[in-house]
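Inside the fold
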Amino acid sequence: MTSDVTPPMHAELRRLDIPLAVIDPAGVPTIDVPTVGATNWAGGLRATEHLLSLGHRRIGFIAGPKRLLCSRARLDGHGAALAAAGLATDPDLIQQGDFYHESGCDGAEALLRLADPAPRRSSPPATRWPSGRTRPSASAACGCPTTSRWSASTTSRRAAGRRRR
């Protein structure tokens with residue numbers, strides 16, 4: 001299973017007689033293989049509808065890479081739910097991400113600053129990022145336990161993965 005198959009990869013898998021299925025293709029598959037798609041548009045729609053049903057009217061959205069169909073579909077679903085509720089999409093409430101933890105935290109921090117631009121009396125705990133810089137943690141402000149459990153080994157693997165690109 002993969003989300004993208006290169007022609008050489010496909011040829012090797014066929015040579016080895018290994019079955020292949022593409023899960024939630026990153027784009028339009030160029031090779032004739034079975035695919036299983038996620039309900040990205042419906043997911044964006046339903047998540048936003050749920051928040052609207054709770055009475056929220058300013059809903060932030062951390063989007064994935066614009067080049068990916070799944071990212072655009074999720075954002076389109078979000079926009080469709082807002083439109084159905086008679087609300088316009090506010091571009092300030094859409095933050096660009098890349099599906100990595102760091103961009104999610106960056107987007108959350110930006111959205112939290114929009115919600116409460118006043119400086120805080122006490123600064124939240126700092127998080128050490130792969131770049132070595134220290135900065136306030138969005139998870140501390142929103143109560144997300146994920147960053148506090150993010151181990152040094154995960155940080156090292158993530159930094160190594162970024163260097164390979």
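Before any of the text, the structure's been laid out above.
The structure presented is a predicted model; accordingly, all values stated were derived computationally and were not measured. (Residues numbered from 1 in each chain as written. Predicted model: local features only at pLDDT ≥ 70, side-chain atom pairs only at ≥ 80, totals over all residues. Heavy atoms only, no water.)

To continue, consider the overall build of the protein. On a plain count of helices and strands, the protein comes out with 7 helices and 6 strands. Sequence-ordered secondary structure for the protein, helices as α and strands as β, is α-β-β-α-β-α-β-α-β-β-α-α-α. Of all 165 residues assigned to the protein, the portion counted as buried reaches 32%. Counted over contacts in the protein with a minimum sequence separation of 6, partners at least 24 positions apart contribute 55%. (Helix = DSSP H or I, 4+ residues; strand = E, 2+ residues; numbered from the N terminus. Buried < 20%, exposed > 50% of the residue type's maximum accessible area, 1.4 Å probe, protein only. Contact = heavy atoms within 4.5 Å.)

Now for the pattern of salt bridges. Inspection of every chain in the model, using the stated rule, returns 1 salt bridge. A salt bridge links E12 to R15; its shortest N-O distance comes to 2.7 Å. With E12 and R15 both in helix α1 (residues 7-15) and 3 residues apart, the pair spans about one turn of that helix. The class for E12 is partly exposed, based on a relative accessible area of 35%. (Salt bridge = Lys/Arg side-chain N within 4 Å of Asp/Glu carboxyl O.)

With 15 residues, helix α4 (residues 101-115) extends 21 Å from end C-alpha to end C-alpha; this agrees with the ideal 21 Å at 1.5 Å per step. Among all positions in α4, only H101, E102, S103, C105, G107, A108, E109, A110 and L111 are buried. (Expected span 1.5 Å × (residues − 1).)

Bringing the side chain of N40 into the picture now. Topologically, N40 is positioned in helix α2 (residues 40-53). For N40, a relative accessible area of 9% puts it in the buried group. Excluding anything up to four places from it in sequence, N40 contacts D24, C70, A73 and R74.

Generally speaking, nonpolar side chains in soluble globular proteins are found buried as a group. By size, the foremost hydrophobic cluster in this structure holds 6 residues: V5, L13, L20, V22, I31 and V33. Core analysis: the second largest hydrophobic core is formed by 5 residues, L45, L52, I59 and L82 among them. (Core = buried A, V, L, I, M, F, W, Y, C linked by side-chain atoms within 4.5 Å.)

Quick look at the side chain of T48 now. Residue placement: T48 occurs in helix α2. By relative accessible area, T48 is classed as buried at 3%. At 2.9 Å, the side chain of T48 and the backbone oxygen of G44 are in polar contact. (Polar contact = N/O pair within 3.5 Å; in protein donor to acceptor, adjacent residues only side chain to side chain.)

Turning to α2, a few remarks are in order. Along its 14 residues, α2 runs 20 Å from first to last C-alpha, staying within 8% of the 20 Å computed at 1.5 Å per residue. Along α2, the residues classified as buried are N40, A42, G44, L45, T48 and L52. Following α2 by one or two positions, G55 adopts a phi angle in the positive range, close to 100 degrees.

Turning next to the environment of A110. Structurally, A110 can be placed in helix α4. Residue classification places A110 among the buried positions, given a relative accessible area of 13%. As for A110 and G60, which are separated by 50 residues in sequence, their C-alpha atoms are 9.7 Å apart.

Take unusual backbone geometry next. Although it is not a glycine, D17 adopts a positive phi angle of roughly 60 degrees. When you line up the elements, D17 lands in the loop between α1 and β1 (22-23). Backbone geometry at F99 places phi at a positive 75 degrees, although glycine is not the residue there. With respect to the helices and strands, F99 occurs in the loop between β4 (94-96) and α4.

By the element assignment, P65 lies in the loop between β3 (61-63) and α3 (69-84). The spacing of P65 and Q96 is 31 residues in sequence and 7.1 Å in space, taken between C-alpha atoms. In this view, P65 contacts S71, Q96, G97, D98 and F99; residues no more than four positions away in its chain are not counted.

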